[in-house]
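Architecture and fold: a report
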Amino acid sequence: VAVAQKVFQRAYEPPPASSVSAGSPAASLTARRLRRTAHAAALAALCQRSRAAARQVAGWLVYAEDDRALDAAFCESLVRAGCLADPEAMRELDAHLASVIAGNPNDGNESGTNVRVSKAAACGAYLAQHCLLVDPCLSVGDLEATLDALAAYASAAAAPPGVAALVDRARARGGSEKAQAQTERKGSGTDKDPAGMREQVAKHFDEWARVSELPSGDGAVETFLASLAKSNLTREENRERFARILVELAVTHCLGSETPKADTKSVSGVSEPTRLSFVAVDAFVRLIASLCRRAEEPAEKRPALLAAALVAAARTATRDVDERGAAFNPRPYHRLVLGLMVEMHAPDTALDASHPQVLASFAGALLALQPSRAPGFAYAWLELVSHRCFLPRLLADRERAGWPLLRRLLVAALAFLEPFLRASALTETVRLLYRGTLRLLLVLLHDFPEFLCDHHLDLCDVIPPNCVQMRNLVLSAFPRAMRLPDPFTPNLKVDLLPEISQSPRVTCGAEDALLVRFPSLRLELDQFLETRQPSSFPDQLRRALLLPPAAAAAAGARYDAPLVNAVVLRCGARGVAANARKNADGKASGGNKASVASRLAHTAPMEVFQRLASDLDAEGRFFFLNAVANQLRFPNAHTHYFSCALLYLFSESNSEAVREQITRVLLERLIVNRPHPWGLLVTFIELIKNPRYNFWGHGFTRCAPDIERLFESVARSCIAPNAGKPEDEQGVAA
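Attention in this report is confined to the structure presented alongside it. As the structure is a prediction and not an experimental result, all values here were calculated from the model. (Residues numbered from 1 in each chain as written. Predicted model: local features only at pLDDT ≥ 70, side-chain atom pairs only at ≥ 80, totals over all residues. Heavy atoms only, no water.)

Looking now at the overall build of the chain. When helices and strands are counted, the chain shows 34 helices and zero strands. Contacts in the chain between residues at least 24 apart in sequence constitute 72% of all its contacts with a sequence separation of at least 6. (Helix = DSSP H or I, 4+ residues; strand = E, 2+ residues; numbered from the N terminus. Contact = heavy atoms within 4.5 Å.)

This next bit is on the nonpolar core. For soluble globular proteins, nonpolar side chains are generally found buried alongside one another. Counting residues in each nonpolar core, the largest one holds 108 residues, and the members touching the most others are Phe284, Phe362 and Trp381. The element best represented in this core is helix H18 (residues 403–422), accounting for 13 residues. Here Phe284 is in contact with Phe205, Ala243, Leu246, Val247, Ala250, Ala309 and Leu336, once residues within four sequence places are set aside. (Core = buried A, V, L, I, M, F, W, Y, C linked by side-chain atoms within 4.5 Å. Buried < 20%, exposed > 50% of the residue type's maximum accessible area, 1.4 Å probe, protein only.)

Bringing the packing of aromatic side chains into the picture now. We describe a pair of aromatic rings using the distance from one ring centre to the other and the angle between the two ring planes. Counted under the stated rule, the structure contains 16 aromatic pairs. A ring pair is formed by Phe362 and Phe390, whose centres lie 6.4 Å apart and whose planes are at 65 degrees; its orientation type is edge-to-face. Highlighted residues: Phe362 in helix H15 (residues 356–368) and Phe390 in the loop between helix H16 (378–385) and helix H17 (391–396), separated in sequence by 28 residues. Accessibility expressed as a relative area gives 1% for Phe390, which makes it buried. (Phe/Tyr/Trp six-rings, centres within 6.5 Å; stacked < 30°, edge-to-face > 60°.)

Moving on to the packing of helix H29 (residues 604–615) against helix H31 (residues 637–652). Running from amino to carboxyl end, H29 crosses H31 at an angle of 50 degrees, the nearest separation of the two axes being 11 Å. For the element pair H29 / H31, the angle class is oblique. In terms of crossing hand, the pair formed by H29 and H31 is right-handed. Across the interface between the two elements, Pro605, Met606, Phe609, Gln610 and Ala613 of H29 pack against Tyr641, Phe642, Ala645, Tyr648, Leu649 and Glu652 of H31. Its residues placed into classes, the contact of H29 with H31 shows nine nonpolar, one polar and one charged. (Axes fitted to C-alpha atoms, helices over the stretch in contact; angles between N-to-C directions. Parallel < 35°, antiparallel > 145°, perpendicular 65-115°, else oblique. Left-handed = near helix turned anticlockwise from the far one by under 90°. Nonpolar A, V, L, I, M, F, W, Y, C, P; charged D, E, K, R; others polar.)

Bringing empty space enclosed by the protein into the picture now. Under the defined criterion, the tally for this structure stands at one cavity of 30 Å³ or more. Quantified by volume, the largest cavity comes out at close to 30 Å³. If you trace the largest cavity, you find it lined by Pro371, Ala378, Trp381, Leu382, Ala413, Phe416, Leu417, Leu433 and Thr437. At the level of elements, H16, H18 and helix H19 (428–447) are the ones that each hand at least two residues to the lining of the largest cavity. Here the residues of the lining of the largest cavity are counted per class, giving eight nonpolar, one polar and no charged. (1 Å grid on protein atoms, 1.4 Å probe; cavity = no way out; pocket = protein on both sides within 12 Å on 5 of 7 lines; lining within 4 Å. Points joined across faces, edges and corners; volume = space filled by probe spheres on them.)

Looking now at the environment of Arg294. With respect to the helices and strands, Arg294 occurs in the loop between helix H12 (279–292) and helix H13 (301–324). The spatial distance from the C-alpha of Arg294 to the C-alpha of Glu222 is 9.1 Å, given a sequence separation of 72 residues.

Under the criterion given, the structure shown has 27 salt bridges. A salt bridge links Arg315 to Glu92, with the shortest nitrogen-to-oxygen separation between them at 2.9 Å. Remark: Glu92 occurs in helix H5 (residues 87–102) and Arg315 occurs in helix H13; sequence separation between them is 223 residues. With a shortest N-O distance of 3.1 Å, Asp526 and Arg574 are connected by a salt bridge. Linking Asp526 in helix H24 (residues 519–531) with Arg574 in helix H27 (residues 561–588), this pair joins segments that are 48 residues apart in sequence. (Salt bridge = Lys/Arg side-chain N within 4 Å of Asp/Glu carboxyl O.)

Dropping the structure here:
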């Protein structure tokens, strides 16, 4: 299974840059297609040898953080290779596509206005056309839910023409195949549990509920566990069915015990939850924990059983969400996952929560139950993510193996909140979830700031532009070993700080918008930064940053914010590297070390920045300047470079609108409550104090009395108390 997962990850990665010509985007796409086909064939061979791997493929696809399940070409390669031959796997992909196409019913007036909706609809239409009509490799039954969702989506205003006709053609051609496929599956019994298995599992569960109440150390417990371990129920081919039946029995017993309280109103007038008996759920937790920690079990089998139990819990919960809708009760599933967390948290020589596979299993289950998939589980989900038995274990690993898992969980939480925050449509329930997420970020800022430092760009990609304080909180993080210089120190020489020459860690996912979604644009950008050719590239880049009309209507913005962030970071990183090489060459030749500011003029990255600042409209320029301001963080080479770049744009621009928008981006981040990023403060202080920029001479600082008072108030807060009034600072150089 581990080898299959590695092959699956490699299948989606772009080919190494060394194997593709930098000037040939077509060659890059061809190499990527060949790489996917080869890896999909290898994965299919592994799935044929391991049923466990075959059942996991759909989960890896559906619950991936980068929405690769919405990549039509990638899904088709897996389908044609036979990687999704397992009926349960194909059904899971079909249900996922249908769910995304249907949109989030909790979006209120913005129902279906998610960028993912248009991507999922395009993916579903592609699979319907190529896998049902052009070169059939699926039956209509395999895409039944997707076709139903596409039929409903066809009536939407954002739907492209021809979707309804495509659905009709697919259904007409595959009608007979659907009936035949369903008959074959029923005859083979792949969708049903073996005869008598459910009764056998229920019998063992009843017996376990009885023996587990015996005193600790009683021999009956070990005897029962040994006999169960030797039975066919815990073997690899039956493990997932066994876990699923146990989950269904435990949850059914729990929900069946629901009784209303005599007094249904609390003192505050809020309805009290009904009473539930968690006896069966707790028995399930103890059984799984006991089986996982048997010393007689092989080491590789212990985490596999826990993973099967968590997968079964997640799938049962999602099915329950689909069936019950608003009547879904999250408490049994919360108790179940929390109980397993607590059991695995106890130190044990056999298996505990510090084991990487244990952490991955819990993270996978939580990703499957993320708020966008199960909104009714959102509060319980956030509590589980931030629980003391899980969160510290993810972050405490010295090798940081758990950090990517937490990044995916945080991105899932913020992505769910994004449409509500963007529209400022905060009901009381959404407000509570937002506050909980904000407190989780505060915990990370206080105890694990390095995590926020490493993953700031991924988090900023899903934080709406109007959530200034949340973004400031993420960008204010700095390594615990660093002591921040006081940004209010008079005549602070930022160039001389030892940290300014050091580049920060940038995670591999920071440039996914370029690396994965637009590999050809990344090659063209690198070529321009290296050779300044072709000269028309800045114009092409400006157009590439625009979203398609349907996606723009869904996102509520005309520009692709993650792509803008990735382009800005890529240009800045290349600029920092070029400056470092020039300084090294200057030292080698005995020259003086030049400042970053003096190196900015007439460079390829700065040309890109200047063209974007001048050619983009007000909306696009706002996204661009925010992307630059997102790099004004703790003292490092990137902070210094982007600070100088922003000040250079202010001083060299011929447009008063550009200067005013730069001031707006900085000011709106300073007028909110603390914390404020160090680089932001240093940049704004330099802007208002250095006479080179003549900040107070620009008309937008005094266009209205309220605006003038606001600027003076912020200036007094940013300048040392003994430095005088803002008007007196024009003669003081920072």
